[in-house]
Amino acid sequence: MTKIEIEQAVIASFKQVITNSGKSYDGTVDTNTPIMGSESPFDSIDLVTFIVALEQMIEDDWLFSVTLADDRAMSQTISPFKTIQTISDYIELLIKEQQ
Amino acid sequence: MVIIITGTRKGIGKELAEYFIADGHQVIGCSRGEASIESPNYEHHSLDITNEIAIKTFFSQIRKKYGRLDVLINNAAVNNALAPITLVSYNAAASTMNTNFMGSFLMSREAIKLMMKNSFGRIVNMGSMAVKYEEKGEAIYTASKAALLAMTKIMAKEVFQYGITCNAVSPSAIKTDLLHNIDPDALKVVLKRNAIPEMGTTKELVDTIKWLISPQSDKITAQNIYLGGV
């Protein structure tokens, strides 16, 4: 799976969480969309749901288990949980390490 | 319901598993050792609950096979540090904390992820009357159970919006391997403090858990229920 495909999968999960939570999001969902903070449409419940959905997606599509909120993620200079881009980059890193 | 119980090879965990199997539930048990229960409604995993990778793999298998989890009973516990604190080794303390607290934390964390999908879940943690009585020689075990109770209450606040409840049940002394190293006379003294000054039974534990995991108990959360009049 290419980086673009990972980003698309993450965006799809993001949209799914927004839909399931009954919220509306007027902005365009792209790699710059924030997943945390005041500019993100996510509340804490949505964020947890999103992270769990991504972990299960990785498990199903790449056949390995991962904890995205692990010690390394928490110690990154740029938090993986900042934007769709940063979480996609982190997932790509984890996948590469498994290959 | 699909129920995970830790520490099912013997003692309370085994009896709980046998009860819930007989009650028609699908029980998934785990312990460090091999299975000691045979039933079409029982699945056993030889598992170290302090091993994060093993726990992740275990839950991945449960998710793929059952697609859901309704109940987690964190029963597995050890008491490797039964001594005055000055005589407790680091490894004895660490292994007690790891199994009783960290193991339950890992199991709960992964269980919640699975329960969230169906907006339903029940987590029951096994507490202890030791937390109330603060007996000498039980500092580490008691601390591990106190930590578990604190986690139970905070976790309950975090996951209630997902339809998940978290409670603890703290039985009086029940005949298990954990009691082997405890002085019987000292135990009698402790039991005398209870409103019911006698050994507890697994049945009263089962009855309480059965109530806690029922759909009707959806508003019972963040509680620690002492049994035996502790």
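Attention here is on the structure that accompanies the text. Predicted model only: the values in this text are computed from it and were never measured.

Reading the values: rules and limits
- Residues numbered from 1 in each chain as written.
- Chains lettered and ligands numbered in written order.
- Predicted model: local features only at pLDDT ≥ 70, side-chain atom pairs only at ≥ 80, totals over all residues.
- Heavy atoms only, no water.
- Salt bridge = Lys/Arg side-chain N within 4 Å of Asp/Glu carboxyl O.
- Helix = DSSP H or I, 4+ residues; strand = E, 2+ residues; numbered from the N terminus.
- Buried < 20%, exposed > 50% of the residue type's maximum accessible area, 1.4 Å probe, protein only.
- Expected span 1.5 Å × (residues − 1).
- Arc of directions from axis to C-beta.
- Contact = heavy atoms within 4.5 Å.

## Focus on the pattern of salt bridges
Part 1 of the reasoning: Per the stated rule, a full pass over the model turns up 20 salt bridges over all chains.
Part 2 of the reasoning: We note a salt bridge from Glu97(A) to Arg72(A), for which the minimum N-O separation is 2.8 Å. Taken together, the residues span a long stretch of sequence, with Glu97(A) in helix H4 (residues 84-98) and Arg72(A) in helix H3 (residues 71-74) at a distance of 25 residues.
Part 3 of the reasoning: Glu97(A) sits in the partly exposed class, given a relative accessible area of 46%.
Part 4 of the reasoning: A salt bridge links Glu135(B) to Arg193(B); the nearest nitrogen and oxygen atoms lie 2.8 Å apart. With Glu135(B) in the loop between helix H4 (130-133) and helix H5 (139-159) and Arg193(B) in the loop between helix H6 (184-192) and helix H7 (202-213), the pair connects residues that are 58 residues apart, well separated along the chain.

## Looking at helix H1 (residues 11-22) of chain B
Residue and element names in this part refer to chain B.
Part 1 of the reasoning: Taking 1.5 Å of rise per residue, 12 residues should cover 16 Å, and H1 covers 17 Å from first to last C-alpha, within 8% of that figure.
Part 2 of the reasoning: Ile12, Gly13, Leu16, Ala17, Phe20 and Ile21 are the residues of H1 that are buried. Along H1, the residues classed as buried sweep out an arc of 165 degrees about the axis, all on the same side.
Part 3 of the reasoning: Buried residues in H1 make contact with strand E1 (2-6), strand E2 (26-31), strand E3 (42-46), strand E4 (71-74), strand E5 (121-126) and H7.
Part 4 of the reasoning: Downstream of H1 by a residue or two, Gly24 has a phi angle that is positive, lying close to 95 degrees.

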